[in-house]
Amino acid sequence: MYALIYDEHQMDRPRKKVISIHRRRDTAESALKQRMKKLGRSVTDCNTRIVWVEKGVRAGDTVGPGEYDTWRAGEAVPLGDVYADSD
């Protein structure tokens, strides 16, 4: 399942709070857009991202390294996310 997590990208806080759960990526993307609009911030400024979680989680739970991934196994990754922006 897809989850929106609160991620401040702080190495000393590896556990991330689950904001919401979604069965499909498009509904997770819609929820992320609504959150950005509600907060009046860009995607990077609202510290929220979409991840794939194998285990059952609920909003309010936390997930740590190895419990989530950016893309679901077998999911088509957009070309812009395949290659790094720098050499």
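Everything below is about the structure printed above this text.
Every value quoted in this text rests on a predicted model; they were computed, and no experiment measured them.

Go over the pairing of strand E2 (residues 16-22) with me, naming the residues and quoting the values.
The sheet contact formed by strand E1 (residues 2-6) and E2 spans 5 bridges and is antiparallel. Pairing of leucine 4 across the sheet is with serine 20, part of E2.

An account of helix H1 (residues 25-39) is requested, with residue identities and associated values reported.
Between its terminal C-alpha atoms H1 stretches 21 Å, which fits the 21 Å expected from 15 residues at 1.5 Å a residue. Of the residues making up H1, those classed as buried are Arg25, Ala28, Ala31 and Leu32. Seen along its axis, H1 keeps its buried residues to an arc of 120°; they face one direction. The exposed residues of H1 that point more than 90 degrees off its buried face are Lys33, Gln34, Lys37 and Lys38.

What counts, and where the lines are drawn
Residues numbered from 1 in each chain as written. Predicted model: local features only at pLDDT ≥ 70, side-chain atom pairs only at ≥ 80, totals over all residues. Heavy atoms only, no water. Pairing = 2+ DSSP bridges. Helix = DSSP H or I, 4+ residues; strand = E, 2+ residues; numbered from the N terminus. Expected span 1.5 Å × (residues − 1). Buried < 20%, exposed > 50% of the residue type's maximum accessible area, 1.4 Å probe, protein only. Arc of directions from axis to C-beta.

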